[in-house]
Amino acid sequence: MHAQRKIALVAVCALLGTVGIAGCAPQTNEALATGDQQTPQAEGHEYTDEQQSIIDGEEGTVYDGISLDAYPGKDYLDGMHDMWDANVDQWAPELRTLPSGQIVQRTPSELAERARQGKTPYNIFRLNNDNRGCNSCHADLDATLQHLAQTMHPSPNSPALDAEMTVDQCLFCHTYSPGYIPTQYEFGTLIHNIHYGLEADGQFEDEYKGNCYSCHDATNDGEGMALWDQTKFERLRGVTKVENVEGDFSIDQEATMAQEDMFNMDAWNRLYDRMRSGAEYADTPMPQSLFDSWPITVDGEVNSPYTALLPDLVKEAEAAGVTVTKVSKEVCNWNGTGAGSVSNVEITGIPVSWLIERAGGYADNAGINGVRVMRADGSSKRAMPLDKVDGGEAFLVYKINGEQLTAANGFPCTNWCEGVDPEVNSKQMNEYKVVTDAPDFDDHVYEFEHHDGNPNGWIDADGNWTNKPNATVLGVPEGLVIQNGQPYTFHGYVDAYDEKIASVEFSMDFGKTWTKHDLGDTDVNKLVWFDFTWTPQEESAYCLQLRATTESGLVSPQIQTVMVNAKDAMPAADETVVIDTPSLVAPKTAAAEAAEGKE
């Protein structure tokens, strides 16, 4: 490929040389065309008297209808067109077949139009987009994280949801995360050393021909070096903008996922979390004896503290008819826009309010302000607000989707508090303690920074929400190829933890216009799945953006952009570069050098 591109560049240089010579011709002709002297006809062309009078610039003549062959430089332009037409395949955007079987084209097509204009293919030749951005080297960033050497990096996505991980999700964690990541605002420090440090051993520069502009966009807007993946969609040419985009919109809150597909970050947390996940990864069966002998204590500011075995409590609650089975959500407070750190499943559990009633109810203490959930390994004691407990939104869950919990989900039981982030949903919990030292549940900054309560989302250093509300499209890898003229359904979810979503809006002109869809009345304790079905009208690239608004007026602080390429003829896999690894793809330079060696 590189050898062919070098030939193309030689042709360009030759043509540019012609331009340099031809550039003198107008001045020469102007100097010669004095007095009554007529402009000579181009050799080999014959013109009508009318055309000749136009060429000679006679008074009263107009240029409508003149033959293009009359213009000096037409042969040069024809040569330029021929040169680019001959190199269409070499400068066309790369088509990839991903391990998932999906075909993507990361760069919009604009070569044919520009070739007709005698211009360079901008996206590929000028911006080099196929060789820039995270996905140029990593077909799947999520898989890349899971295969990092010498680390157990968590994935921000449930594998069943097929969320497309982007650099935005990396920044979401590695920006401001006190108590979760030791060093704040360290993404740049980390990622540059990963690519240029000792571990990389020159691979990024030598094998992949990487440099600063592989990842960055240099602008003159005063903002300095930006990330290319965050700016490219509005810089690439060939993206059709659709005003007031129309489509069929629908929502669903009852769709659930399998228990093994639920999101969890256990591989990254404390030792016992890793042990629980490790047991599931190793397919180690959980002993029934653990369930049968598991103690639950209810104490603190109650009238009659007690300890009872879990199976006895289940039997008693079922006999009393107080157990609850319902669809309910979990949304990680670290869930970034575009990520899939969410679950929607059917839970079966005992209301915590009933467990407290069994303890004789709250003690006569006006200072009671919460219930702490104590994990058996001592690693967590977060508090739940009383309104959640007394309102029937807190449960001791022992079944998910009608089955006992898996190891990773906390067998034999877990706490489950609805409508909040699941930090308080301690796995393998063994004690509910009614307390007077719970935090102010309206102070989400305190809750966030002190790891107590349930802050219901992620914040920046100024205390502003960064993911509330969250509007996310799932299953659309960068540049997904779809059939032109046929309906395509974008699927995803919207959520705002303890707030209801009032509306969802879509844009296909980078936010110039938005099409609004009201959700109506929804259950805040269930995830809102959506489908937006849209039909492309012409072969082109399109970028869809979306945002949500809550009933209180919060608007999505971050906007996700997904790009699709509508094709008249869908490419076959054998017409693409087949990527056989979801992680680090082979360097293109190696393929190019191999091709050169064969010539």
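The shown structure was predicted, so the numbers you read here are calculated from the model rather than taken from an experiment. (Residues numbered from 1 in each chain as written. Predicted model: local features only at pLDDT ≥ 70, side-chain atom pairs only at ≥ 80, totals over all residues. Heavy atoms only, no water.)

Caption draft 1: Highlighting the overall build of the protein. Helix and strand counts for the protein stand at 20 helices and 24 strands. Counting all 599 residues of the protein, 50% fall into the buried class. Sequence separation of at least 24 residues holds for 70% of the intrachain contacts in the protein that already meet a minimum separation of 6. Accessible area for the protein stands at about 28,600 Å²; split by element, carbon and sulfur atoms hold 50% of it. (Helix = DSSP H or I, 4+ residues; strand = E, 2+ residues; numbered from the N terminus. Buried < 20%, exposed > 50% of the residue type's maximum accessible area, 1.4 Å probe, protein only. Contact = heavy atoms within 4.5 Å. Areas by Shrake-Rupley, 256 points an atom, 1.4 Å probe, with all protein chains shown as cover.)

Caption draft 2: Region of the structure containing the pattern of salt bridges. Applying the stated criterion across every chain yields a total of 19 salt bridges. Between Lys500 and Asp521 there is a salt bridge, with the nearest N and O atoms lying 2.7 Å from each other. Linking Lys500 in the loop between β18 (488–495) and β19 (501–507) with Asp521 in the loop between β20 (515–518) and β21 (528–534), this pair joins segments that are 21 residues apart in sequence. We classify Lys500 as partly exposed; its relative accessible area is 24%. Connected through shared salt-bridge partners, Arg106, Asp229, Lys232 and Glu478 make up one network. (Salt bridge = Lys/Arg side-chain N within 4 Å of Asp/Glu carboxyl O.)

Caption draft 3: The sheet that holds strand β5 (residues 248–252), seen in detail. One open sheet holds the four strands; their spatial order is β5-β21-β18-β16, and the pairing between them is antiparallel. Of all strands in the sheet, those bounded by a partner on one side alone are β5 and β16 (470–474). The mean inter-strand angle of the sheet, taken between neighbouring strand axes irrespective of direction, is 25°. Bridging between β5 and β21 involves five bridges; their strand directions are antiparallel. Following the sheet pairing, Phe249 is matched in β21 by Phe532. (Pairing = 2+ DSSP bridges. Axes fitted to C-alpha atoms, helices over the stretch in contact; angles between N-to-C directions.)

Caption draft 4: The arrangement of the pairing of strand β6 (residues 295–300) in detail. Pairing between β6 and strand β7 (residues 306–309): four bridges, direction antiparallel. Bridge assignment links Thr297 to a residue of β7, and that residue is Thr307. In this sheet, strand β15 (residues 429–435) lies alongside β6 in parallel orientation, the contact comprising four bridges. Following the sheet pairing, Gly300 is matched in β15 by Val434.

Caption draft 5: Quick peek at the nonpolar core. With 52 residues, the main nonpolar core has Ile350, Leu355, Met384, Leu396 and Tyr432 as its most contacted residues. Two domains share this core, each providing at least three of its residues, namely domain 1 (131–252 + 468–578) and domain 2 (266–450). Residues contacting Met384, with those up to four places away along its chain left out, are Val352, Gly370, Val371, Val373, Val389, Ala394, Asn415, Cys417, Val424, Tyr432, Phe441 and Asn454. Grouped together as the second largest cluster of nonpolar side chains are 27 residues, Phe490, Phe506, Tyr542 and Leu546 included. (Core = buried A, V, L, I, M, F, W, Y, C linked by side-chain atoms within 4.5 Å. Domains from an automatic or database assignment.)

Caption draft 6: Region of the structure containing the sheet that holds β15. With mixed pairing, five strands are arranged side by side in an open sheet as β7-β6-β15-β10-β11. Sheet topology places β7 and β11 (383–384) at the edges, where each strand pairs with a single neighbour.

Caption draft 7: A look at the pairing of β20. Burial along β20 is one-sided: Thr515 and His517 are buried, and none of Lys516 and Asp518, which face the opposite way, are. In this structure, β19 lies alongside β20, joined through four bridges in antiparallel fashion. Note that in β20 the partner of Val504 across the bridge is His517.

Caption draft 8: Region of interest: helix α16 (residues 310–320). Of all the positions in α16, only Leu310, Leu313, Val314 and Ala317 are classed as buried. Mapping the buried residues of α16 onto a view down its axis gives an arc of 100°, with all of them on the same face. Turned more than 90 degrees away from the buried face of α16, the exposed residues are Lys315 and Ala319. Buried-residue contacts for α16 involve α15 (288–292), β6, β7, β9 (342–351), α17 (352–358) and β12 (394–400). Gly321 occupies a position one or two residues after α16 and carries a positive phi of about 70°. (Arc of directions from axis to C-beta.)

Caption draft 9: The packing of aromatic side chains, seen in detail. A complete count under the given rule lists 17 aromatic pairs for this structure. Measuring from centroid to centroid gives 4.9 Å for Trp334 and Trp458, while their planes differ by 20°, and the two rings are stacked. Here Trp334, found in the loop between β8 (324–331) and β9, pairs with Trp458, found in the loop between α19 (444–450) and β16; they are 124 residues apart in sequence, far enough to count as distant. Accessibility expressed as a relative area gives 1% for Trp458, which makes it buried. Note on Phe506 and Phe532: the rings are 4.1 Å apart at their centroids and 10° apart in plane angle, and the pair reads as stacked. Of this pair, Phe506 sits in strand β19 while Phe532 sits in strand β21, and the two are 26 residues apart along the sequence. Among the residues examined, Phe532 registers a relative accessible area of 0% and is labelled buried. Linked through ring pairs, Phe172, Tyr176, Tyr180, Tyr185, Trp334, Phe448 and Trp458 together constitute an aromatic cluster. Between the NZ or CZ atom of Lys468 and the centre of the ring of Trp465, over which it lies, the distance is 4.4 Å. Positioned above the aromatic ring of Trp514 is the side chain of Arg547, whose terminal nitrogen or guanidinium carbon lies 4.0 Å from the ring centre. (Phe/Tyr/Trp six-rings, centres within 6.5 Å; stacked < 30°, edge-to-face > 60°. Lys NZ or Arg CZ within 6 Å of the ring centre and 35° of its normal.)

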